[in-house]
Amino acid sequence: MNPAEPEPSDGPVEAVPAVAPQLRALRRHAALTLEAAARAAGLSPAHLSRLETGQRQPSLPMLLALARIYGTTVSELLGETVADRDAVVRAAEMEPTAAGGWTYWQAGASGRGMQALRVHVPYGSQGDIVRVHPGEEWLYVLRGRLRLRLGDAAHRLGPGDSAHFDSLTPHRIAAQDPGGVELLFVHTLLQSPTVTLCLGPTPGDAP
């Protein structure tokens, strides 16, 4: 069985009526058959059918995969209506927030399918923390040099270099020089704390 598809449970499963109709409607809007959509998402047609009829609850990795296939966001898959937001974020409105030794500034609106941040990573801070979570990450080095570990591969990035990767790949981020490194950072995991997604757990946090 595909690792993205959990083993069926013998116990009762709570239906998710708000999600199921959206999954079916968006698949049809994308002009995909059940078989084609399931294959692209790494699911069996029977499992996707159970999701569309509310017999199974989709996991977050499944929602992310289906959102990409249907060309939409997790928010729309969940049937959420999003209030109007300003499209522009002014520099004067970017308040710095510190977490785990890192400093970040919101560079986009919250609650969207992507979260954009400007991040300062000090030298020697959290460089030994391995992060693994659903979604995708894109980063661009503004200033300084970055050490990026993706699985078994090590990379050195300088100003103007960027990386785009599946964040289920174990990854570590660290500044290479004493002056630290400044990044533009975008991730796709919706509605979760920045501390958890971007910065990873800080020493002493519960797993």
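Scroll up to find the structure.
(A) Helix H1 (residues 20–29), seen in detail. Looking only at H1, the buried set comprises Ala20, Leu23, Leu26 and Arg27. Buried residues in H1, looked at end-on, bunch into an arc of 140°, giving them a common side. Turned more than 90 degrees from where H1 packs its buried face, Arg28 and His29 sit exposed. Positive phi shows up at Ala31, right after H1, with a value of about 60°.

(B) Up close: the pairing of strand E8 (residues 171–175). Where burial is concerned, most of E8 is hidden: 4 out of the 5 residues are buried. Sheet topology places strand E5 (residues 146–150) next to E8; 5 bridges connect them, and they run antiparallel. The residue of E8 that forms the bridge with Leu148 is Ile173.

(C) The arrangement of helix H2 (residues 34–41) in detail. Listing the buried residues of H2 in full gives Leu34, Ala37, Ala38 and Ala41. Buried residues along H2 cover an arc of 100° about the axis, so they all sit on one side. What points out from H2, more than 90 degrees from its buried face, is the exposed set Arg39 and Ala40. The inward-facing, buried residues of H2 abut H1, helix H3 (45–52) and helix H4 (60–70). Immediately beyond the C-terminal end of H2, within one or two residues, lies Gly42, with a positive phi of roughly 75°.

(D) Quick look at the nonpolar core. In terms of nonpolar packing, the biggest core is built from 19 residues, with Leu139, Leu146 and Leu148 touching the most fellow members. Elements that contribute at least two residues to this core include exactly strand E2 (102–106), strand E3 (115–121), strand E4 (136–143), E5, strand E7 (162–166), E8 and strand E9 (181–187). Apart from residues no more than four positions distant in its own chain, Leu139 is found in contact with Leu146, Leu157, Asp161, Ser162, Ala163, Phe165, Ile173, Leu184 and Phe185. One finds Leu23, Ala41, Leu64 and Tyr70 within the second-largest nonpolar core, a separate group that totals 18 residues.

(E) Local environment of the sheet that holds E9. The strand order E1-E2-E3-E9-E4-E7 describes an open sheet built from 6 strands, whose pairing is antiparallel. Only two strands of the sheet have a single neighbouring strand rather than two, namely strand E1 (97–99) and E7. Pairs of neighbouring strands in the sheet enclose a mean axial angle of 25°, with direction left out of account. Looking at chain direction, E3 and E9 are connected through 7 bridges and run antiparallel. Bridge assignment links Val119 to a residue of E9, and that residue is Leu183.

(F) The pairing of strand E6 (residues 153–157), seen in detail. Sheet analysis places E5 next to E6, joined by 5 bridges and oriented antiparallel. Looking at E6, one finds that Leu150 is bridged to Ala153. Following E5, the chain reverses through 2 residues before pairing antiparallel with E6; Gly151 in that reversal takes a positive phi of roughly 60°.

(G) The arrangement of the side chain of Arg131 in detail. In this fold, Arg131 is placed in the loop between E3 and E4. Glu137 is the oppositely charged side chain nearest to the buried, salt-bridge-free Arg131, at an N-O distance of 6.8 Å. One polar contact links Arg131 to Gln126, side chain to side chain, over a distance of 2.9 Å. A distance of 3.3 Å separates a polar atom in the side chain of Arg131 from the backbone oxygen of Ile129.

(H) Seen up close, the sheet that holds E8. With antiparallel pairing, 3 strands are arranged side by side in an open sheet as E6-E5-E8. The two strands at the open ends of the sheet, each matched to only one other strand, are E6 and E8. Sheet twist, expressed as the mean angle between neighbouring strand axes with direction ignored, is 15°.

(I) A look at a nonpolar patch on the surface. Judged by side-chain polarity, Val130, Val132 and Leu168 come together as a nonpolar surface patch covering roughly 260 Å² of accessible area. Positionally, Val130 belongs in the loop between E3 and E4.

Reading the values: rules and limits
- Residues numbered from 1 in each chain as written.
- Predicted model: local features only at pLDDT ≥ 70, side-chain atom pairs only at ≥ 80, totals over all residues.
- Heavy atoms only, no water.
- Buried < 20%, exposed > 50% of the residue type's maximum accessible area, 1.4 Å probe, protein only.
- Helix = DSSP H or I, 4+ residues; strand = E, 2+ residues; numbered from the N terminus.
- Arc of directions from axis to C-beta.
- Pairing = 2+ DSSP bridges.
- Contact = heavy atoms within 4.5 Å.
- Core = buried A, V, L, I, M, F, W, Y, C linked by side-chain atoms within 4.5 Å.
- Axes fitted to C-alpha atoms, helices over the stretch in contact; angles between N-to-C directions.
- Lys, Arg positive; Asp, Glu negative; His and termini not counted.
- Salt bridge = Lys/Arg side-chain N within 4 Å of Asp/Glu carboxyl O.
- Polar contact = N/O pair within 3.5 Å; in protein donor to acceptor, adjacent residues only side chain to side chain.
- Patch = residues over 30% accessible without salt bridge, like charges linked within 9 Å, V, L, I, M, F, W, Y side chains within 5 Å.
- Areas by Shrake-Rupley, 256 points an atom, 1.4 Å probe, with all protein chains shown as cover.

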